Amino acid sequence: MNVVAAGLLSDTGFKVSKDKKAVMGKLAYYLEGAAELPKQFGKSWKMKFITDNKTVEEEILLFMVANSQSVGGFREIAPLASVSDGLFDIIIIKKMDIFQMLPLMLSILQGDHVNHPSVEYIQTKKLHIENLSGEEVKVDYDGEELPEGFPVDISIIPQAINIVVPK
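Going along each chain's sequence as written, the residues are numbered from 1 onward. Whole-chain, interface and lining totals are the exception, using all residues; otherwise, since this is a predicted model, local features are given only for residues with pLDDT of at least 70 and side-chain atom pairs are given and counted only at 80 or more. Side-chain metrics rest on all non-hydrogen atoms present in the structure, leaving aside hydrogens and water.

### A look at the overall build of the protein
Helices and strands together make up the secondary structure of the protein, namely 4 helices and 9 strands. The helix and strand labels rest on DSSP assignments: H or I over at least four residues marks a helix, E over at least two residues marks a strand, and numbering proceeds from the N terminus. Each helix and strand of the protein, placed in order from N terminus to C terminus, yields the pattern β-α-α-α-β-β-β-α-β-β-β-β-β. Accessibility here uses a 1.4 Å probe with only protein chains present; expressed as a share of the type maximum, an area under 20% marks a residue as buried, one over 50% as exposed, and anything in between as partly exposed. By residue count, 41% of the 167 residues in the protein fall in the buried class. Pairs at least 24 apart in sequence give 69% of the contacts found in the protein among residues at least 6 apart. We call two residues in contact whenever any of their non-hydrogen atoms come within 4.5 Å of each other.

Here it is in structure tokens:
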């Protein structure tokens, strides 16, 4: 798993048709996101995140659980992430208005968003996520919809795969 996400624009990955992906590549996602943003902006969801040593209950726009720095074309969305560190990196973007969102978008492009006051950045081995909003929220995992939805339980299995490469 590279990413699990829910909230603002997180369903873009499985809304884009395979044909559009094949022809346009990343541009297909950006165009779909641009079309969806006006429909989705202003929505927020109350979520609860329980990690190894922290519980966060927050009204959010989006959360993302990453296992690498690069997700969805954003090179440093999880700047502290490493596929070999045995940790997931959780990015929680708290509810905010459009005027707060614009500076955050610039911070994300620069990889400096982890210091933004509306961003919670957590590293953990295990995570339990509950949707407290009472509204259905689709969960994306690596571009596919998680049919079970919430609650979501994620855990790292360290060194579970052996990879053999030639010398």
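### So, the packing of aromatic side chains
Any two of the Phe, Tyr and Trp rings considered here, Trp counted by its six-membered ring, make a pair once their centres fall within 6.5 Å; the pair's planes then place it as stacked at under 30 degrees, edge-to-face at over 60, or tilted in between. Within the structure shown, the criterion is met by 2 aromatic pairs. Aromatic side chains F49 and F63 sit 5.3 Å apart centroid to centroid with 80° between the ring planes, which places their arrangement in the edge-to-face category. Separated by 14 residues along the polypeptide, F49 in strand β2 (residues 45-51) and F63 in strand β3 (residues 55-66) bring together distant segments of the chain. Its relative accessible area of 0% is what places F63 among the buried residues. Between the aromatic rings of F63 and F150, the centroid separation amounts to 6.4 Å while the plane-to-plane angle is 70°, which identifies the pairing as edge-to-face.

### A look at the nonpolar core
Counting 20 residues, the largest nonpolar core has M47, F49, F63, V65, I92, I129 and F150 as the members making the most contacts within it. For this core, the elements supplying multiple residues, two or more each, are β1 (3-7), β2, β3, β4 (88-94), β6 (126-131) and β9 (152-155). In terms of residue count, β3 provides more of this core than any other element does, 4 residues in total. Ranked by size, the runner-up nonpolar core spans 10 residues in total, among them L62, I91, V119 and Y121. The definition of a nonpolar core used throughout is a set of buried Ala, Val, Leu, Ile, Met, Phe, Trp, Tyr and Cys residues joined through side-chain atoms within 4.5 Å.

### Comments concerning the pairing of β9
Alternating residues of β9 divide into V152 and I154, all buried, and D153 and S155, none buried. By the convention used here, strands pair only if DSSP detects at least 2 bridges between them. Relative to β9, β6 runs antiparallel, the two sharing 4 bridges. Across the sheet, L127 pairs through a bridge with I154, a residue of β9.

### Quick look at the pattern of salt bridges
Close approach of charged atoms lets side chains of opposite charge pair. Whenever Lys or Arg places a side-chain nitrogen within 4 Å of a carboxyl oxygen from Asp or Glu, that contact is recorded as a salt bridge. Per the counting criterion, the structure on display carries 3 salt bridges. Close ionic contact of E120 with K54 constitutes a salt bridge, the shortest N to O distance being 2.6 Å. A residue pair is termed long-range when its members are at least 10 positions apart, and E120 in strand β5 (residues 119-124) and K54 in the loop between β2 and β3 qualify at 66 residues. A relative accessible area of 15% places E120 in the buried class.

### Regarding a nonpolar patch on the surface
A contiguous nonpolar patch, built from I161, I163 and V165 and spanning about 380 Å² of accessible area, is present on the exposed surface. Looking at where I163 falls in the secondary structure, it is placed in the segment after β9. Residues enter patches when their relative accessible area tops 30% and they take part in no salt bridge; the joining distance is 9 Å for like charges and 5 Å for the nonpolar side chains Val, Leu, Ile, Met, Phe, Trp and Tyr. Computed with a 1.4 Å probe, the accessible areas rest on the Shrake-Rupley method; for each residue, only the protein chains presented here act as cover.

### A closer look at unusual backbone geometry
Following F150, the chain continues to P151 via a peptide bond in cis, the omega torsion being -5°. If you trace the backbone, P151 turns up in the loop between β8 (144-145) and β9.

The quantities given are spatial measurements derived from coordinates; they are silent on function.
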